[in-house]
Amino acid sequence: MHKARLNHVGAGVNFTNISGTADNVSGNIGRQIGASIEFGKKLYFESGLFYLTENAEASTIDNGVTTFTDAKFSGLRVPLTVGLNVLGNTESTFGLRVFGGSSALLLTGVSDSLNKDDFNSPKWGVFAGAGIDLALFYLDWSYQWRVTNIQKSIDDIDFGKTNDIFLTAGLRF
């Protein structure tokens, strides 16, 4: 039987694609940092805790006047992952992994121009990705589909749903 062990400690960037009803909604680059624990060798289960920021900008046009709203969201992302080491295993010097799972983003803050109570928390998502392990280092890429709207009410600007790309690199143990 395999024990759970600290697996990845890393940092990276995220790119957010937003689908909303504002005249123009665009995602900007955000960041994340965190760690995960793993159970298994060839087939593995992994859970982690990552602090992340997501950034977006929305513009609306009302009577010819354009209003811009910068939105910064910060929170704790908790992914639950099932993965398969396609090449190697958790103890190999080189490995190639595929994985997928679900995650929750617990909102801890929003930019000053917004009210945190107007936004859903947790925001739920499902994701799929791939990773490369090389000695003590790893690089992960994943794509996440959010299934929760960002806002509770969409009377003003509808930030809609987000889809995210995560690139994370760091150390593996």
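How each quantity is defined
- Residues numbered from 1 in each chain as written.
- Predicted model: local features only at pLDDT ≥ 70, side-chain atom pairs only at ≥ 80, totals over all residues.
- Heavy atoms only, no water.
- Helix = DSSP H or I, 4+ residues; strand = E, 2+ residues; numbered from the N terminus.
- Contact = heavy atoms within 4.5 Å.
- Core = buried A, V, L, I, M, F, W, Y, C linked by side-chain atoms within 4.5 Å.
- Buried < 20%, exposed > 50% of the residue type's maximum accessible area, 1.4 Å probe, protein only.
- Pairing = 2+ DSSP bridges.
- Phe/Tyr/Trp six-rings, centres within 6.5 Å; stacked < 30°, edge-to-face > 60°.
- Lys NZ or Arg CZ within 6 Å of the ring centre and 35° of its normal.
- Salt bridge = Lys/Arg side-chain N within 4 Å of Asp/Glu carboxyl O.

Enquirer: Give me the lowdown on the overall build of the chain, citing residues and values where you can.
Expert: If you tally the helices and strands in the chain, you get zero helices and eight strands. Overall, the chain shows an N-to-C arrangement of helices and strands of β-β-β-β-β-β-β-β. Restricting to contacts in the chain with at least 6 residues of sequence separation, those with at least 24 account for 63%.

Enquirer: Go over the environment of Ile-33 with me, naming the residues and quoting the values.
Expert: Within the secondary structure layout, Ile-33 lies in strand S2 (residues 24-40). Between the C-alpha atoms of Ile-33 and Leu-49, which are 16 residues apart in sequence, the distance is 8.5 Å.

Enquirer: Account for the nonpolar core, naming residues and giving values.
Expert: Counting residues in hydrophobic clusters, the biggest one holds eight residues: Ala-56, Ala-71, Phe-73, Leu-107, Val-110, Leu-114, Phe-119 and Ile-150. Counting residues per element, the ones that place at least two in this core are strand S4 (65-87) and strand S5 (94-110).

Enquirer: So what's going on with the pairing of strand S7 (residues 137-146)? Which residues, and what values?
Expert: Judged by which residues are buried, S7 turns out to be one-sided: Tyr-138, Asp-140, Ser-142, Gln-144 and Arg-146 face inward and are buried, whereas Phe-137, Leu-139, Trp-141, Tyr-143 and Trp-145, on the alternate face, are not. Bridging between strand S6 (residues 123-134) and S7 involves 10 bridges; their strand directions are antiparallel. Bridge pairing links Asp-133 to Tyr-138 in S7. Counted along the chain from S6 to the antiparallel partner S7, the turn is two residues long, and its residue Ala-135 has a positive phi close to 55°.

Enquirer: Describe the pairing of S6, listing the residues and the values that go with them.
Expert: The two faces of the sheet receive side chains in turn, since in a regular strand these alternate between them. Side-chain alternation along S6 places Lys-123, Gly-125, Phe-127, Gly-129, Gly-131 and Asp-133 on a buried face and Trp-124, Val-126, Ala-128, Ala-130, Ile-132 and Leu-134 on a face that remains uncovered. Here S5 runs beside S6; their pairing, made up of 12 bridges, is antiparallel. Directly across from Ser-102, in S6, lies its bridge partner Val-126.

Enquirer: I'd like to hear about the packing of aromatic side chains, residue by residue, with values.
Expert: The full count for this structure, using the stated rule, is two aromatic pairs. Over the ring of Phe-127 we find Arg-77; its NZ or CZ atom is 5.1 Å from the centre of that ring. It is Arg-77 that lies over the ring of Phe-166; its NZ or CZ is 4.2 Å from the centre.

Enquirer: Break down the side chain of Thr-53 for me, with residues and values.
Expert: Position of Thr-53 relative to the elements: it lies in strand S3 (residues 43-62). Note on Thr-53: relative accessible area 6%, which makes it buried.

Enquirer: Would you mind going over unusual backbone geometry in detail, with residue names and values included?
Expert: Going from Ser-121 to Pro-122, the amide bond is cis rather than trans, its omega being 5°. Among the structural elements, Pro-122 can be located in the loop between S5 and S6. Positive phi, close to 55°, is recorded for Ala-135, a residue that is not glycine. Relative to the helices and strands, Ala-135 resides in the loop between S6 and S7. Given the relative accessible area of 38%, Ala-135 is considered partly exposed.

Enquirer: I'd like to hear about the pattern of salt bridges, residue by residue, with values.
Expert: As enumerated under the stated definition, the model contains seven salt bridges in all. Here Glu-54 makes a salt bridge to Lys-123, at a shortest N to O gap of 3.1 Å. Highlighted residues: Glu-54 in strand S3 and Lys-123 in strand S6, separated in sequence by 69 residues. As far as burial versus exposure is concerned, Glu-54 and Lys-123 are alike and both buried. We note a salt bridge from Arg-97 to Asp-133, for which the minimum N-O separation is 3.0 Å. Note that Arg-97 is positioned in strand S5 and Asp-133 in strand S6, a separation of 36 residues in sequence.

Function cannot be read off these values alone, since they describe shape.
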